[in-house]
Amino acid sequence: MLPPGFAYHSGFLTCEEADLFFAELRAAIAWQNETLVIFGKPRHVPRLIAWYGDAGTSYRYSGVQHEPRPWFPALEALRHRCQLFAGARFSSVLANLYRSGADSMGWHSDDEPVLGAAPTIVSVSLGAARRFRIRRRRDRACFDLVLEPGSLLLMSGLSQRDYQHSVPKTAKAVGERINLTFRMIEVSGLCP
Ligand SMILES: O=C(O)CCC(=O)C(=O)O
């Protein structure tokens, strides 16, 4: 069972849709190999990333400012599907490409102040299935699930305040995986 604030929906997309979105987004997204400076040393991020969004939704994480690239039809279509499903609006998306089991995402929360105190974040997975770990901050209790292609993980309420999440490396021979996390960032100066 998942902790409060997390809801997993397998089959958000049909297998055919998931395959089509994977092929289209793999080719069309401007994937970047990013380097972060951690404790004074440059380190490659162990996956490729890209940031897309409405104008003005720049996003700072891991100490790097990301300016959004404009939406294109396939990504816009997926945003629309996610908005209808979640009943929420999303102004931006972080795309991650895990090239193999050696690519990963470390423990973190999506708790940057621009996302608000209790953000609704929708995470769509395409390509290879990968293990996703959730860890309660209070006592480090862990909850594991497998994110399958075409699935949607909804993170809302206090999920980012109370929990961290990660995608660990795996020694299994797994293919490429794309993950898209749709988020709402208010455009400063335009929102009431
Ligand atoms: O790849 C995933 O499923 C996790 C992505 C994630 O944690 C993030 O984009 O913040």
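Located above this text is the structure these notes cover.
Residues numbered from 1 in each chain as written. Predicted model: local features only at pLDDT ≥ 70, side-chain atom pairs only at ≥ 80, totals over all residues. Heavy atoms only, no water.

Novice: Would you mind going over the overall build of the chain with me for this structure?
Specialist: Of the regular secondary structure elements, the chain holds 3 helices and 13 strands. Relative to its length of 192 residues, the chain is compact, with a C-alpha radius of gyration of 16 Å against a globular reference of 16 Å. With respect to the principal axes defined by its C-alpha atoms, the chain has extents near 45 × 40 × 35 Å. Buried positions account for 46% of the 192 residues belonging to the chain. The contacts in the chain between residues at least 6 apart in sequence include a share of 74% that link residues at least 24 apart. The average position of the 23 basic charges and that of the 18 acidic charges among the side chains of the chain differ by 9 Å. (Helix = DSSP H or I, 4+ residues; strand = E, 2+ residues; numbered from the N terminus. Rg over C-alpha atoms; globule rule 2.2 N^0.38 Å. Buried < 20%, exposed > 50% of the residue type's maximum accessible area, 1.4 Å probe, protein only. Contact = heavy atoms within 4.5 Å. Lys, Arg positive; Asp, Glu negative; His and termini not counted. Charge placed at Lys NZ, Arg CZ, Asp CG, Glu CD.)

Novice: Would you take a moment to explain unusual backbone geometry for this structure?
Specialist: When glycine is set aside, most residues are seen to have a negative phi, and most peptide bonds are trans. Of note in the backbone geometry, Arg-140 takes a positive phi value of approximately 65° without being a glycine. Take Arg-140: it is sitting in the loop between strand S9 (130-136) and strand S10 (142-147).

Novice: It is not clear to me how the packing of helix H1 (residues 15-28) against helix H2 (residues 73-86) should be interpreted in this structure. Could you clarify?
Specialist: A pair of packed helices is captured by two measures, namely the crossing angle of their axes and the spacing between those axes. At a minimum axis distance of 10 Å, the contact between H1 and H2 shows a crossing angle of 140°. Judged on the interaxial angle alone, H2 and H1 are oblique. For the element pair H1 and H2, the recorded crossing hand is left-handed. Residues Glu-17, Phe-21, Glu-24 and Leu-25 of H1 touch H2, and the partners they reach there are Ala-74, Leu-75, Leu-78 and Arg-81. (Axes fitted to C-alpha atoms, helices over the stretch in contact; angles between N-to-C directions. Parallel < 35°, antiparallel > 145°, perpendicular 65-115°, else oblique. Left-handed = near helix turned anticlockwise from the far one by under 90°.)

Novice: How do you make sense of the pattern of salt bridges when you look at a structure like this?
Specialist: One side chain can pair with another of opposite charge once the charged atoms of both are near each other. One pass over the structure, following the stated rule, counts 12 salt bridges. Across the salt bridge formed by Asp-110 and Arg-183, the nearest N and O atoms sit 3.6 Å from each other. One end of the pair, Asp-110, is in the loop between strand S7 (105-108) and strand S8 (121-127); the other, Arg-183, is in strand S13 (residues 177-183), with 73 residues separating them in the sequence. Like Asp-110, the residue Arg-183 is buried in the burial classification. Close ionic contact of Asp-144 with Arg-133 constitutes a salt bridge, the shortest N to O distance being 2.8 Å. Within this pair, whereas Asp-144 is found in strand S10, its partner Arg-133 is found in strand S9, the two being separated by 11 residues in sequence. Residue classification places Arg-133 among the partly exposed positions, given a relative accessible area of 23%. (Salt bridge = Lys/Arg side-chain N within 4 Å of Asp/Glu carboxyl O.)

Novice: Just checking my understanding: could you explain the sheet that holds strand S2 (residues 32-38) for this structure?
Specialist: Pairing between the strands of a sheet is mediated by backbone hydrogen bonds and can be parallel or antiparallel. Taken in spatial order, the 7 strands line up as S1-S11-S8-S13-S6-S3-S2 in an open sheet, and their pairing is antiparallel. The open sheet is flanked by strand S1 (6-9) and S2, the only strands paired with a single partner. Between one strand axis and the next, the sheet turns through 25° on average, direction left out of account. Pairing of S8 with S13, which is carried by 6 bridges, proceeds in the antiparallel orientation. (Pairing = 2+ DSSP bridges.)

Novice: What am I meant to see in the environment of Asn-179 here?
Specialist: Locating Asn-179 in the fold gives a position in strand S13. Assessed through its relative accessible area of 6%, Asn-179 is described here as buried. Residues Asn-179 and Ile-38 lie 141 residues apart in sequence; the distance between their C-alpha atoms is 24 Å. Among all residues touching Asn-179, those that are not within four sequence positions of it are Leu-94, Ala-95, Asn-96, Tyr-98, Ser-123, Val-124 and Ser-125. Here the side chain of Asn-179 touches Ser-123 through a polar contact of 2.9 Å, side chain to side chain. (Polar contact = N/O pair within 3.5 Å; in protein donor to acceptor, adjacent residues only side chain to side chain.)

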